[in-house]
Amino acid sequence: MRDQAMEELDLNDRNLIVVDDVGGGTGFTTTGVVKHVDGKNVTILDQSPHQLAKAKKKHLKDCTIIEGDAENLPFPTDYGDRYVSAGSIEYWPDPQRGTRESYRVLKKGGKACMIGPVYPNSWLSRFFADIWMLFPKEQDYIEWFRKAGFQDIKLKRVGPR
Ligand SMILES: C[S@@+](CC[C@H](N)C(=O)[O-])C[C@H]1O[C@@H](n2cnc3c(N)ncnc32)[C@H](O)[C@@H]1O
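Residues numbered from 1 in each chain as written. Predicted model: local features only at pLDDT ≥ 70, side-chain atom pairs only at ≥ 80, totals over all residues. Heavy atoms only, no water.

Novice: Which residues make up the packing of helix 4 (residues 95-105) against helix 6 (residues 138-148), and what are the values?
Specialist: The description of two packed helices rests on the angle between their axes and on the distance between the axes. For the pair helix 4 and helix 6, the least separation of the axes is 8 Å and the interaxial angle reads 50°. Comparing the axis directions of helix 4 and helix 6 gives the class oblique. Pair helix 4 / helix 6 crosses with right-handed handedness. Where helix 4 approaches helix 6, its residues Pro95, Gln96, Thr99, Arg100 and Tyr103 are matched on the opposing element by Glu143, Trp144, Phe145, Lys147 and Ala148. (Axes fitted to C-alpha atoms, helices over the stretch in contact; angles between N-to-C directions. Helix = DSSP H or I, 4+ residues; strand = E, 2+ residues; numbered from the N terminus. Parallel < 35°, antiparallel > 145°, perpendicular 65-115°, else oblique. Left-handed = near helix turned anticlockwise from the far one by under 90°. Contact = heavy atoms within 4.5 Å.)

Novice: Talk me through the pattern of salt bridges; I want residue IDs and the actual numbers.
Specialist: The full count for this structure, using the stated rule, is 11 salt bridges. Between Lys156 and Glu7 there is a salt bridge whose closest N-O contact spans 2.8 Å. Placement of Lys156 in the segment after helix 6 and of Glu7 in the loop between helix 1 (2-6) and strand 1 (18-22) is noted, with a sequence separation of 149 residues between them. Owing to a relative accessible area of 36%, Lys156 belongs among the partly exposed residues under this scheme. Judged by its relative accessible area of 55%, Glu7 falls in the exposed class. Residue Glu143 pairs with Arg146 through a salt bridge whose shortest N-O separation is 2.8 Å. Taken together, the positions of Glu143 and Arg146, both in helix 6 and 3 residues apart, correspond to about one turn of that helix. When its relative accessible area of 24% is taken as the criterion, Glu143 is described as partly exposed. Its relative accessible area of 46% is what places Arg146 among the partly exposed residues. (Salt bridge = Lys/Arg side-chain N within 4 Å of Asp/Glu carboxyl O. Buried < 20%, exposed > 50% of the residue type's maximum accessible area, 1.4 Å probe, protein only.)

Novice: Pulling in residues and values, what's your account of the site of the ligand?
Specialist: Contacts to the ligand come from 18 residues, most closely from Asp21, Thr29, Asp46, Ala86 and Ser88. The contact in question runs from a nitrogen atom of the ligand to an N or O atom on the backbone of Gln47, over 3.3 Å. Take Gln51: an N or O atom from its side chain is 3.3 Å from an oxygen atom of the ligand. Judged by its atoms lying within 2 Å of the grid points, the ligand is housed in the second largest pocket. Taken together, the residues that form the shell around the ligand break down as 5 nonpolar, 10 polar and 3 charged. (Near = heavy atom within 4 Å. Polar contact = N/O pair within 3.5 Å; in protein donor to acceptor, adjacent residues only side chain to side chain. 1 Å grid on protein atoms, 1.4 Å probe; cavity = no way out; pocket = protein on both sides within 12 Å on 5 of 7 lines; lining within 4 Å. Sits in = over half its atoms within 2 Å of the grid points. Nonpolar A, V, L, I, M, F, W, Y, C, P; charged D, E, K, R; others polar.)

Novice: Let's hear about a nonpolar patch on the surface: which residues, and what values?
Specialist: Together, Trp123, Leu124, Phe127, Phe128 and Ile131 line one region of the surface with nonpolar side chains, adding up to about 630 Å² of accessible area. Mapped onto the elements of the fold, Phe128 is located in helix 5 (residues 123-132). A relative accessible area of 46% places Phe128 in the partly exposed class. (Patch = residues over 30% accessible without salt bridge, like charges linked within 9 Å, V, L, I, M, F, W, Y side chains within 5 Å. Areas by Shrake-Rupley, 256 points an atom, 1.4 Å probe, with all protein chains shown as cover.)

This is the structure we're talking about:
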């Protein structure tokens, strides 16, 4: 599912500068990215030092691992070629602000991949979704990206078979 979700990201050059993974947790998504890009060009960011401590134990030794907030990224404007955030946006207090940040830190022509859950269809799942965390609708993701300034926005559904 991870690889499927990131296909559109077009990691076609080992020298790409990649902001990955924002809300990178223990580094699962990043282990997929460093198959295509040199670790020295990859920065993992998370607000939790506990999660990052686990990431540091993985084969991600060349990556930069930093504590930070997805909604206030510690990168200059026009910094990277690619941005990835997997399974984190649903915890952000202001997803629009975080999406604006993804646009800001990307160079012109850069690409972002935001992986997140969608609001479930069944009433029982909705009940639990509503009391647990944010489950955006597909249209919410598109609007956040559009308002942030992105063009050529694609939505891809991935899930277990
Ligand atoms: C489900 S985990 C992410 C898993 C990870 N992306 C992976 O592929 O293994 C969600 C992560 O988002 C982080 N997070 C939540 N809100 C955040 C924020 N505003 N800024 C940075 N990290 C955040 C949490 O600390 C947690 O590690």
